[in-house]
Structures are given as C-alpha cells and as structure tokens.
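# A structural walkthrough
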Amino acid sequence: MSKKDIVIGCDNAAVTMKDTIKKYVESLGYKVEDVGCFSADDDTYYPYIAKKVCDKIKESGYKKEGILICGTGIGMAMTANKCPGIRAAVCHDNFSAERAKLSNNGNVLCMGERVIGMELAKKITKEWLSLEFVDGSSTPKVEAIMEIERENFK
C-alpha cells in the first residue's frame, strides 16, 4: 500500500491535538501539509479550515487524504461532506476508523479534542492510515453515495 500525502487542519479548540497528530503521522513516514489553525488565539471558523483541507484534496485529484480536528469532530465532518468527492467520518474509536475506510472509502478522518485523549487519537489515526479501501461488497454503496452527490451538486 502506498502512503498518501495528508492534509491536516483544526480550529482553535484543537491546536494541541492537531500538532501532536501531525508529528505522529510524520513519524509514520507520511508527508503532512498543515493548513492551520496554528494557535488557540486564531479565531478562524472551522468550516473555513475544513474547506481548505478539502480543496487541497480535490486539487490533488483525490490522491491526498485529510485529517480534521475540532472540539468534537462533528462540525468538521459536516462541512467536509459538503465538498465534492469528500467522504468524511467522525471517528472516536478504532472500529469507526476501520469502517470509515473499509466500508465507505473515507478520505477524511475527523476527531474531537474535547472528546478523546491524545493516545487514543494516535491509535485511531494509525488504524485509519493503515487501511485501504478494496473493491468488494461495499463498492456499490460507495458508488451510491457518489451518485447522490453528483445529483446534489448539479
């Protein structure tokens, strides 16, 4: 499995986790592009950060994947899923990370700094990065997601 480049972003509620996860992902041998926030004083709203990450993924021809972190991960996922070609999931355990990738071909992992601890976030990230979607019984379901997306983005 080839390692995809990762684009990471957070809001001001999750700078500590974003910085930790960024270093951790780099230690696993991935190239990581950080689009911010870079301090707890940065009041950029999370939707704008999510869009930046998703735009970078789209610009790469969907060869990159993303990690988005906010207080809960929910707002980031909601915003990311408004972007064409993005399948983002909030994952607060390893099973969710596994299913996001293997069942849904997820390309953006969302987590919440106020929900999970740092060590669990690392484990979830490692699980998600270690998996690759393979065509199989879930392929028609992912295709259905993409069909609905195409209808809604006309």
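This section reports on the structure supplied with the text. Note that this is a predicted model, so its numbers are computed, not measured.

Thresholds applied
Residues numbered from 1 in each chain as written. Predicted model: local features only at pLDDT ≥ 70, side-chain atom pairs only at ≥ 80, totals over all residues. Heavy atoms only, no water. Helix = DSSP H or I, 4+ residues; strand = E, 2+ residues; numbered from the N terminus. Rg over C-alpha atoms; globule rule 2.2 N^0.38 Å. Buried < 20%, exposed > 50% of the residue type's maximum accessible area, 1.4 Å probe, protein only. Contact = heavy atoms within 4.5 Å. Lys, Arg positive; Asp, Glu negative; His and termini not counted. Charge placed at Lys NZ, Arg CZ, Asp CG, Glu CD. 1 Å grid on protein atoms, 1.4 Å probe; cavity = no way out; pocket = protein on both sides within 12 Å on 5 of 7 lines; lining within 4 Å. Points joined across faces, edges and corners; volume = space filled by probe spheres on them. Nonpolar A, V, L, I, M, F, W, Y, C, P; charged D, E, K, R; others polar. Expected span 1.5 Å × (residues − 1).

Below, the discussion takes up the overall build of the chain. Looking only at helices and strands, the chain features six helices and five strands. Reading the chain from its N terminus to its C terminus gives the helix and strand order β-α-β-α-β-α-β-α-β-α-α. For a compact globule of 154 residues, the expected C-alpha radius of gyration is about 15 Å, and the chain comes in at 14 Å, within 12% of that figure. With respect to the three principal axes, the spread of C-alpha positions in the chain is 40 × 30 × 25 Å. For the chain, with 154 residues in total, the buried portion stands at 44%. Within the chain, residue pairs in contact and separated by at least 24 positions form 68% of the contacts whose partners lie at least 6 positions apart. Within the chain, one finds 23 positive and 23 negative side-chain charges whose respective centroids are separated by 2 Å.

Our next topic: the layout of surface pockets. Of the pockets and cavities examined, the largest pocket occupies roughly 230 Å³. Around the largest pocket, the lining comprises 12 residues; the ones closest to its centre are Lys4, Glu65, Leu131, Glu132 and Phe133. A breakdown of the residues in the lining of the largest pocket according to their chemical character gives five nonpolar, two polar and five charged.

Here we take up helix α1 (residues 15–27). End to end, α1 covers 18 Å across 13 residues, agreeing with the expected 18 Å (1.5 Å per residue, within 8%). Among the residues making up α1, those that are buried are Val15, Met17, Lys18, Ile21, Tyr24 and Val25. For α1, the elements touching its buried residues are β1 (6–10), β2 (32–34), β3 (65–70), β5 (108–112) and α5 (118–130). Two residues or fewer past α1, Gly29 is found with a positive phi of approximately 100 degrees.

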